[in-house]
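Below, each chain spelled out in residue letters.
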Amino acid sequence: MNYFPDEVMEHVFDFVTSNRDRNAISLVCKLWYRIERLSRQRVFIGNCYAISPERLIARFPGVKSITLKGKPHFADFNLVPHDWGGHVYPWIEVLARSRVNLEELRLKRMVVTDEGLELISRSFVNFKSLVLVTCEGFTTDGLAAIAANCRSLKELDLQENEVEDHRGQWLNCFPESCTSLVSLNFACLKGDINLATLERLVARSPNLKSLRLSRAVPLETLQKILVRAPQLVDLGVGSFVHDPDSETYSKLLTTIEKCKSMRSLCGFLEVAAYCLPAIYPICSSLTSLNLSYAPGIPGSELTKLIRHCRKLQCLWILDCIGDKGLGVVASSCKELQELRVFPSDPYGVGNASVTEEGLVAISRGCPKLTSLLYFCQQMTNAALKIVAQNCRNFIQFRLCILDPTKPDSSTNEPLDEGFGAIVQSCKGIRRLSLSGLLTDQVFYYIGMYAEQLEMLSIAFAADSDKGMLYVLNGCKKIRKLEIMECPFGNIALLSDVGKYETMRSLWMSSCEVTLGGCKTLAKKMPRLNVEIFSENNEMENCIDDEQKVQKLYLYRTLVGPRKDAPDYVWTL
Amino acid sequence: MEGVSGNGLAGPQLLDLMPNNREWLVMIDGAKARGSSEEKKLELRLGPPGTDDWCNLKQDTNSKRRDEALLSFGRLPSMASAQIAANNGGHQAHKFGSSEALASPWPGTSYKENCQKLQEQEQMKPPRSYHQFPSTISQGKNLPFSPKEASQSNCNHKGLNLQDSGVKKAFSQASASASAANTAVPSVSQKRTAPAPVVGWPPIRSFRKNITSNSSAKPSPEPQNDTPNKVAREDKPVETCEKKGMFVKINMDGVPIGRKVDLKAYDSYEKLSSAVDELFRGLLAAQQDSSAGGINKKQEEEKPITGVLDGRGEYTLVYEDNEGDRMLVGDVPWRMFVSTVKRLRVLKSSEVSALCLGTKHDKNSLEMKTNQKIFS
């Protein structure tokens, strides 16, 4: 290995793009470590509190693209109190100060401020790509700064963020000279949009491939945009309501037919079912369809639409499609790899819902399925076993029965065997979410069979500490474990404290761990941040080690307890 | 304990899983040697149904702090099924109910290795190299188990989420722990009662909840207010779309002619507020126009009426409820408001404070903030 000059090694390493592979390369020897780190351009940091920006830059001075994740996953479901943390500003500050040539910043579940956005826009001359997923804390003013100052901006992708919309003219802030846009997604914005500005922006962006509009963009504007940008590959429709007899609508029909490159459709934030046939002409080439934000489309319409989509690989849909509709999906979409079925009525027991039948039908028709998120009313072991037999390639399997402790609906037994069949059959499974009535047994199976499991989400399951112990003992590759409302206590928590340093994080809420147990853990493992918090500040008043901890979030870190924790977070 | 060399041990026990001979060995840990015989068993046992020990889970009324429990396993499932057949006393049969699901008892080495490690760690003092393994455990595959020190030096990489080689682990001595829970966890809790709407369930992002609740024409139950952090909630539509409109009178200070507004046409305070602006902006401008004596005031000089909900504007929206009281608009949920409102008034804010309505308008909801931003 020493016989090749560094440049040659670097050139070889350039072909290795996966972060995991590059991490492995860096472990081979010091020489490789050095070459790799100096040539690394993309860094992924799964927990922004595990490392500091200074250390990142020290190791990877040439970094151009950074991905950061902040809050724990359960923050998506309102389990993490407000102001917990995940602030990106300190990172931007250090990166700016160190004159990193940042080109891309991808953030998930972080708190982003207008000041941060402005700092980005002013500090990084070559900044090209900003992707914010489920972030909060900023307004359209920050977007205006990005638009105005980032001369070579290619991508501005806002996915499901909480953005305060000042109804300013942030779109206007894109200078006339900005022609580099490739991807623009502002679907999550709630305020009005200057439509004329939008049209002009699209008109001067010949490289635009992906455009996702907010609800404020009406059908007329959509039609005009599509005329300007028939090269679009990915389209997020804002409002799709119009009188089908109108001229606009007929113009739209002709325009859509010209969009030969369209492969991905989403949005339909406001839609009338009778307008949907307008998109039939492009359905046959679609590989990705997301109608999960589209309110009020009856299952029959969805079914009619999907019959046209024979090349679909990714489908996100609401459960109003029903079991029959899923049957149509199964017979039409043979290439399907990813399916997500969301509940249209999460709290009620509506008629619109899917059951195990739909899932079985899908498994029969779509053998290439690798990723599933399925919200349903009921499930049976038998169905899961059939699914396990038919689809052996699951990488992600997330099943959510809306009634969280519901047993097998035909036998009233726990769903242990069904999930056990899934993990046994799908050797490559990496992400698993469980629901329904579950005992320790299912964890026994998971520990035994799910060798590649990296992320596990559990709620209302298990009978005793054994459940958690099976997982900690058996799942070698587990990185993220998140648990709510399970009877796991200190025994499980403390049985193998070293394990947590091999994982990214552990979340336990409403379990049986006590303050004393957490203290013990924190004492033993100085390189873990063990954070305790609750809704109110009761933890501060609590000095009793026997007290149960409402929320525990622990994660490995190289930089010790964080300094920006709010009052209610107690780092032991 | 059945299936295990019956030692009737007092200390926490561990079972070594031996792939070769598929037997269970009991390893006695150091704790016992240290004479902690008075320590109560804190074991998690996995035994076939029929064993009494199955229920021997921390029901001891020991309130002392104990060492961490260690996992102990019962029989292999394949053996267990035979046991079940023999010993089925109606114990939790579901535990090993359909062991047909398990094609082979111990396919992967990782699980076994780990249990071996549990055994190893029991025997060794920290920190020790784990390289010496008893020969019986050789798998024909290197157990890549690095000593604690090495794993520490590798922590450098971990923070940046490097791929875990999956094996660099620092095992801590279970017996070294000072405290463990004495919370008695019942071994059997078959049916956990389905809870009332719980925070965090179902696991759907707020973003989605709002969309779906907006869409449903049928009256959907309002999601439990489980959002401690601020969420820009889109306003829920008013139910009852079929009923006839609900028109209430609305008067504005300084405008002699009143209007009527259909509350059913709106689903939020925000929309009502903008309706107020629409209804009265022209009229107010006309009034001021005539009072100022000027004519042909340009359209642009019509000032929008803003801030009626948060006290910041020149005017404030109040209403009279079914009990005849004057109330500040915005305190109660929209639907409740609609059900009690009888008429509306738009008063000058200065008058409102003079009237001392009392309620400090200190709503912290994002809705109010949004209104602020929209109308400021």
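Higher on the page you've got the structure.
The model shown is predicted, which means the values in this text are computed figures rather than measured ones.

Caption draft 1: Highlighting the overall build of chain B. The number of helices and strands found in chain B is ten helices and nine strands. The buried share of chain B, taken over its 376 residues, is 47%. Considering only residue pairs separated by 6 or more positions, chain B has 63% of its internal contacts joining residues 24 or more positions apart. As displayed, chain B offers around 18200 Å² of accessible surface, 51% of which is attributable to carbon and sulfur atoms.

Caption draft 2: Structural context of the side chain of Q223 of chain A. Residues and elements named next belong to chain A. Along the chain, Q223 turns up in helix α9 (residues 219-228). Owing to a relative accessible area of 6%, Q223 belongs among the buried residues under this scheme. A polar contact of 3.0 Å, which involves the side chain of Q223, links it to the side chain of T255. Discounting chain neighbours no more than four positions away, the residues touching Q223 are T248, K251, L252 and T255.

Caption draft 3: Seen up close, the environment of Q41 of chain A. All names here are of chain A. Turning to its location among the elements, Q41 is positioned in the loop between α3 (30-39) and β1 (42-45). When the C-alpha atoms of Q41 and N101 are compared, they prove to be 10.0 Å apart, with 60 residues separating the residues in sequence. Beyond its immediate sequence surroundings of up to four residues, Q41 is in contact with G62, V63, K64 and S65.

Caption draft 4: Expanded view of the nonpolar core. Residues F240, F397, F443, I446 and L493 of chain A are the most contacted members of the largest nonpolar core, which totals 208 residues. Counting residues per element, this core draws most heavily on helix α17 (residues 440-449) of chain A, which supplies seven residues. Apart from residues no more than four positions distant in its own chain, F443 of chain A is found in contact with L434, I458, A461, A462, G467, Y470, V471 and F488 of chain A. One finds F280, Y315, Y319 and V341 of chain B within the second-largest nonpolar core, a separate group that totals 26 residues.

Caption draft 5: How the structure looks around the packing of aromatic side chains. All names here are of chain A. The tally for this structure, following the rule as stated, stands at 26 aromatic pairs over all chains. On the basis of an interplanar angle of 55 degrees and a centroid distance of 5.8 Å, the ring pair of W316 and F342 is categorised as tilted. Here the residue W316 occupies a position in strand β13 (residues 314-318), and F342 occupies one in strand β14 (residues 338-342), the gap between them amounting to 26 residues. Classification of W316 as buried rests on a relative accessible area of 18%. Relative to F488, the ring of F443 lies with its centre 6.0 Å away and its plane at 80 degrees, an arrangement referred to as edge-to-face. Of the two residues, F443 sits in helix α17 while F488 sits in the loop between β19 (480-484) and α19 (490-494), which places them 45 residues apart along the sequence. Residue F443 shares its accessibility class with F488, and that shared class is buried.

Caption draft 6: Spotlight on helix α7 (residues 140-149) of chain A. Residue and element names in this part refer to chain A. A large share of α7 lies buried, amounting to seven of its ten residues. Against the buried residues of α7 lie α6 (114-123), β4 (129-133), β5 (136-139), β6 (155-159) and β7 (162-164). The opening residue of α7, the one whose side-chain oxygen lies 3.0 Å from the backbone nitrogen of D141, is T139.

Caption draft 7: Spotlight on the pairing of strand β22 (residues 551-556) of chain A. Residues and elements named next belong to chain A. Among the six residues of β22, six are classified as buried, and the element is accordingly described as predominantly covered. Bridge count between strand β20 (residues 505-509) and β22: five bridges; the pairing is antiparallel. Bridge pairing in β22 places W507 opposite Y553. Relative to β22, strand β21 (residues 528-533) runs antiparallel, the two sharing six bridges. Looking at the pairing, N529 lines up with Y555 of β22.

Caption draft 8: Representation of a nonpolar patch on the surface within the structure. Side chains of F4, V8 and V12 of chain A sit close together on the surface and give an oily, nonpolar patch of about 250 Å² of accessible area. Inspection of the secondary structure assignment puts F4 of chain A in the segment before α1 (6-14).

Caption draft 9: Structural view of unusual backbone geometry. In this structure, P202 of chain B follows W201 of chain B across a cis peptide bond, with omega equal to -10 degrees. As for its position among the elements, P202 of chain B is in the loop between α5 (155-158) and α6 (206-215). One non-glycine residue, N78 of chain A, lies in the positive phi region at around 65 degrees. Among the structural elements, N78 of chain A can be located in the loop between β2 (65-69) and α5 (89-97). One non-glycine residue, E160 of chain A, adopts positive backbone phi at about 55 degrees. Relative to the elements of secondary structure, E160 of chain A occurs in the loop between β6 and β7. A relative accessible area of 12% means that E160 of chain A is categorised as buried.

Caption draft 10: A look at the pattern of salt bridges. Applying the stated criterion across every chain yields a total of 30 salt bridges over all chains. One salt bridge connects E103 of chain A with K128 of chain A, and the closest N-O pair in it is separated by 3.6 Å. In this pair, E103 of chain A sits in the loop between α5 and β3 (104-108) while K128 of chain A sits in the loop between α6 and β4, placing the two residues 25 residues apart along the sequence. Residue E199 of chain A pairs with K224 of chain A through a salt bridge whose shortest N-O separation is 4.0 Å. Of this pair, E199 of chain A sits in helix α8 (residues 195-203) while K224 of chain A sits in helix α9; the two residues are 25 residues apart in sequence, bridging distant segments of the chain. For E199 of chain A, a relative accessible area of 15% translates into the label buried. Each member of the salt-bridge network shares a partner with another, and the members are D76, R109 and E160 of chain A together with R205 of chain B.

Basis of the calculations
- Residues numbered from 1 in each chain as written.
- Chains lettered and ligands numbered in written order.
- Predicted model: local features only at pLDDT ≥ 70, side-chain atom pairs only at ≥ 80, totals over all residues.
- Heavy atoms only, no water.
- Helix = DSSP H or I, 4+ residues; strand = E, 2+ residues; numbered from the N terminus.
- Buried < 20%, exposed > 50% of the residue type's maximum accessible area, 1.4 Å probe, protein only.
- Contact = heavy atoms within 4.5 Å.
- Areas by Shrake-Rupley, 256 points an atom, 1.4 Å probe, with all protein chains shown as cover.
- Polar contact = N/O pair within 3.5 Å; in protein donor to acceptor, adjacent residues only side chain to side chain.
- Core = buried A, V, L, I, M, F, W, Y, C linked by side-chain atoms within 4.5 Å.
- Phe/Tyr/Trp six-rings, centres within 6.5 Å; stacked < 30°, edge-to-face > 60°.
- Pairing = 2+ DSSP bridges.
- Patch = residues over 30% accessible without salt bridge, like charges linked within 9 Å, V, L, I, M, F, W, Y side chains within 5 Å.
- Salt bridge = Lys/Arg side-chain N within 4 Å of Asp/Glu carboxyl O.

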